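Here is how the chains run, residue by residue.
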Amino acid sequence: MLHTDIPTRDDVDALAGVREHPCVSIYLSTTPLPKDADMARVELKNQLSEAVQQLRAAGTDRHLIEQQEEILVDLIEDVDFWRLLSYSLAIFATPTSVRTFRLPNRLNTALEVSDRFYLKPLLRAVTFPQAAFVLAVAQNSVRLLEISAESPVYAVSVPGLPSDVADAVGLPSINGRTQDSHIMGGRIQGGEGQKVRMRQYARAIDRALRPVLSGLDLPLILAAAEPLAGIYRSVNSYPNLTDAIIGGNAEETPDEDLGRAARGILDELYAAELTQLVDRMASRAAHGRAVTDLSDVARAATYGAVETLFVDIDQSVPGLVDEETGVVTLSDSEDAVSYGVVDEILRRALLSGAEIFAVRAGDMPGGGAVAAGVRFVV
């Protein structure tokens, strides 16, 4: 199965609040296949060597460099950690701490060394995780699947998940005309009895899923036929169950077919969300409450004016942003002194409570590196 640790907004805010030198941010392309783990470890060694070179060139204290190197070498040598990966790995390290997130998105390998963390690629995973769960429910079977944009479908082990309706209610079968139970003094019979048992089945499934899905923000897509689909929806407690479902008999549908159908639902879900966001920005622009110039957005972020921020995940603009005025000074290259201007704008917007959306170039309002809806004009 995939192993993911998608960060929460609190995780991102905590990383955004870190200011110390050095902060090393590393993004690696990985796979869930154990045989590929060694390649990822070798790539991390290479990125660590480059980070050390940048720190030495910046005149960083030798003791801090040694501490930074040691904490990342410990991660490289943690064999168990490398057995459990997803499609990207984000690493945020200081000389005294390291945080990692295994992401279902496919991100490019990247290294940033500065006095703050490089968060823009991480925000892509928060904005559009490109992953979901599929709950395939039929009367005689139930299974939970995990999908991402381009990966195989993975079955998720769920302790306590009933095997079928009869198992959930402790009966050998629910197909008899009369069920040995009473409701309000009367006997449950025929189709009515089956619906009662299916509702008990659905509740048992929901109970089993709670500890597995607790704290996650990924969509849950239901694959089921009526009336079971409607029955499950009526008892579901997971807040991210999608309106769209995969119809038909889930028991007879192969996992890969369910995965393809679920990816189509995800695409539609994200496309609709993005359209709403872009329309909202257009409305703000019409009322003078949106800015797209890099310098204007940097100034707005510095003064806490940004309410909604779009950033181009692929565009890098090396330089500095003045702490007091937000004036941008561009740089010819990236090193352990400068940092990404776009990422610094993102960091400041995060700290003022802004919504952040990391998107591809073609989805950027205004077509630049950043765009912001503002609370007030600076």
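Observations concerning the overall build of the chain
So, step 1. Of regular secondary structure, the chain possesses 11 helices and 18 strands.
So, step 2. Along the first, second and third principal axes, the C-alpha set of the chain runs to 80 × 55 × 35 Å.
So, step 3. Here the chain holds 378 residues, and 49% of them are scored as buried.
So, step 4. Across the chain, contacts joining residues at least 24 apart in sequence account for 69% of those joining residues at least 6 apart.

Structural notes on the sheet that holds strand 2 (residues 88-94)
So, step 1. The four strands are arranged 3-2-1-4 in an open sheet whose pairing can be described as antiparallel. Sheet topology places strand 3 (97-103) and strand 4 (110-114) at the edges, where each strand pairs with a single neighbour. Each neighbouring strand pair of the sheet contributes to a mean axis angle of 10°, computed without reference to strand direction.
So, step 2. Bridging between strand 1 (residues 23-29) and strand 4 involves five bridges; their strand directions are antiparallel. The residue of strand 4 that forms the bridge with S25 is E112.
So, step 3. The sheet contacts of helix 2 (residues 37-57) involve strand 1, strand 2 and strand 4, and relative to strand 4 the element is tilted by about 30°.

Details of a negative patch on the surface
So, step 1. On the surface, E70, D74, E77 and D78 cluster together into a patch of negative charge.
So, step 2. Here E77 is to be found in the loop between helix 3 (62-76) and helix 4 (79-82).

A few points about the environment of Y201
So, step 1. Within the secondary structure, Y201 is located in helix 7 (residues 190-213).
So, step 2. Taking relative accessible area as the criterion, Y201 reaches 0% and is therefore assigned buried.
So, step 3. Between the C-alpha atom of Y201 and that of Y87, which follows or precedes it by 114 residues, the distance is 34 Å.
So, step 4. Excluding residues within four positions of it along the chain, Y201 makes contact with V137, A138, Q139, S141, V142, P162, S163, D164, V165, A168 and L228.

A look at empty space enclosed by the protein
So, step 1. Enumeration over the complete set of coordinates arrives at two cavities of 30 Å³ or more.
So, step 2. When its volume is computed, the second largest cavity comes out at roughly 30 Å³.
So, step 3. Across the lining of the second largest cavity, the residue classes tally to three nonpolar, three polar and four charged.

Focus on the packing of helix 1 (residues 9-16) against helix 11 (residues 341-351)
So, step 1. Relative to each other, helix 1 and helix 11 sit at 120°, their axes nearing to 9 Å. Our pair here, helix 1 against helix 11, has a crossing hand that is left-handed. Of helix 11, the residues touching helix 1 (which contributes R9, V12, D13 and A16) are R347, L350 and L351.
So, step 2. Here the contact of helix 1 with helix 11 is composed, by residue class, of four nonpolar, no polar and three charged.

Some details on the confidence of the model for the chain
So, step 1. Of all residues in the chain, 91% have pLDDT values of 70 or greater, and the mean over the chain is 88.
So, step 2. The secondary-structure element of the chain with the lowest mean pLDDT is strand 8 (residues 178-183), recorded at 44, while strand 10 (residues 220-223) shows the highest, at 97.
So, step 3. Across residues 177-186, confidence stays below pLDDT 50; counting only partners more than four residues off in sequence or on other chains, it has 21 contacts.

As for a nonpolar patch on the surface
So, step 1. A grouping of Y303, F376 and V378 is seen on the molecular surface, where their side chains present a nonpolar patch of about 280 Å² in accessible area.
So, step 2. If you trace the backbone, F376 turns up in the segment after strand 18 (370-374).

Things to note about helix 9 (residues 255-286)
So, step 1. An ideal rise of 1.5 Å per residue puts 46 Å on 32 residues; helix 9 measures up with 47 Å between its terminal C-alpha atoms.
So, step 2. Considered for burial, the residues of helix 9 that qualify are L258, G259, A262, R263, I265, L266, Y270, L274, L277, M281 and R284.
So, step 3. With its phi angle positive at about 70°, G288 sits one or two positions after the end of helix 9.

So, the nonpolar core
So, step 1. Within the largest apolar cluster, 42 residues are counted, with the highest numbers of intra-cluster contacts made by F92, L119, L122, V306, L309, L346 and I356.
So, step 2. It is helix 11 that contributes the most residues to this core, six residues altogether.
So, step 3. Setting aside residues up to four positions removed in sequence, I356 forms contacts with L123, T127, L309, L346, A349 and L350.

Digging into the packing of aromatic side chains
So, step 1. Applying the stated rule across the entire model yields six aromatic pairs.
So, step 2. The rings of Y27, F92, F101, F117 and Y118 are connected pair by pair, giving a single aromatic cluster.

A closer look at the sheet that holds strand 17 (residues 355-359)
Hydrogen bonds along the backbone pair up the strands of a sheet, which may run parallel or antiparallel.
So, step 1. An order of 12-18-13-17 is seen for the four strands of this open sheet, with the pairing classed as mixed. The two strands at the open ends of the sheet, each matched to only one other strand, are strand 12 (290-291) and strand 17.
So, step 2. Bridge analysis of strand 13 (residues 306-312) against strand 17 gives five bridges, and the strand direction is parallel. What sits directly across from V311, in strand 17, is A358.
So, step 3. Helix 9 contacts strand 12, strand 13, strand 17 and strand 18 of the sheet and is inclined by roughly 120° relative to strand 13.
So, step 4. Contacts from helix 10 (residues 294-302) reach strand 12, strand 13 and strand 18 within the one sheet, and its direction differs from that of strand 18 by about 45°.

Things to note about the pattern of salt bridges
So, step 1. Enumeration according to the criterion identifies 22 salt bridges in this entry.
So, step 2. D36 is paired through a salt bridge with K35; the nearest N and O atoms lie 3.4 Å apart.
So, step 3. By relative accessible area, which is 14% here, D36 ends up buried.
So, step 4. The closest approach of N and O atoms between R116 and D115, which form a salt bridge, is 2.7 Å.
So, step 5. A relative accessible area of 6% means that R116 is categorised as buried.
So, step 6. On the accessibility criterion, D115 (22% relative accessible area) is partly exposed.
So, step 7. Linked by salt bridges that have partners in common, R19, D115, R116, E323, E344, R347 and R348 make up one network.

What counts and what doesn't
Residues numbered from 1 in each chain as written. Predicted model: local features only at pLDDT ≥ 70, side-chain atom pairs only at ≥ 80, totals over all residues. Heavy atoms only, no water. Helix = DSSP H or I, 4+ residues; strand = E, 2+ residues; numbered from the N terminus. Buried < 20%, exposed > 50% of the residue type's maximum accessible area, 1.4 Å probe, protein only. Contact = heavy atoms within 4.5 Å. Pairing = 2+ DSSP bridges. Axes fitted to C-alpha atoms, helices over the stretch in contact; angles between N-to-C directions. Patch = residues over 30% accessible without salt bridge, like charges linked within 9 Å, V, L, I, M, F, W, Y side chains within 5 Å. Areas by Shrake-Rupley, 256 points an atom, 1.4 Å probe, with all protein chains shown as cover. Salt bridge = Lys/Arg side-chain N within 4 Å of Asp/Glu carboxyl O. Lys, Arg positive; Asp, Glu negative; His and termini not counted. Charge placed at Lys NZ, Arg CZ, Asp CG, Glu CD. 1 Å grid on protein atoms, 1.4 Å probe; cavity = no way out; pocket = protein on both sides within 12 Å on 5 of 7 lines; lining within 4 Å. Points joined across faces, edges and corners; volume = space filled by probe spheres on them. Nonpolar A, V, L, I, M, F, W, Y, C, P; charged D, E, K, R; others polar. Left-handed = near helix turned anticlockwise from the far one by under 90°. pLDDT = per-residue confidence, 0-100. Expected span 1.5 Å × (residues − 1). Core = buried A, V, L, I, M, F, W, Y, C linked by side-chain atoms within 4.5 Å. Phe/Tyr/Trp six-rings, centres within 6.5 Å; stacked < 30°, edge-to-face > 60°.

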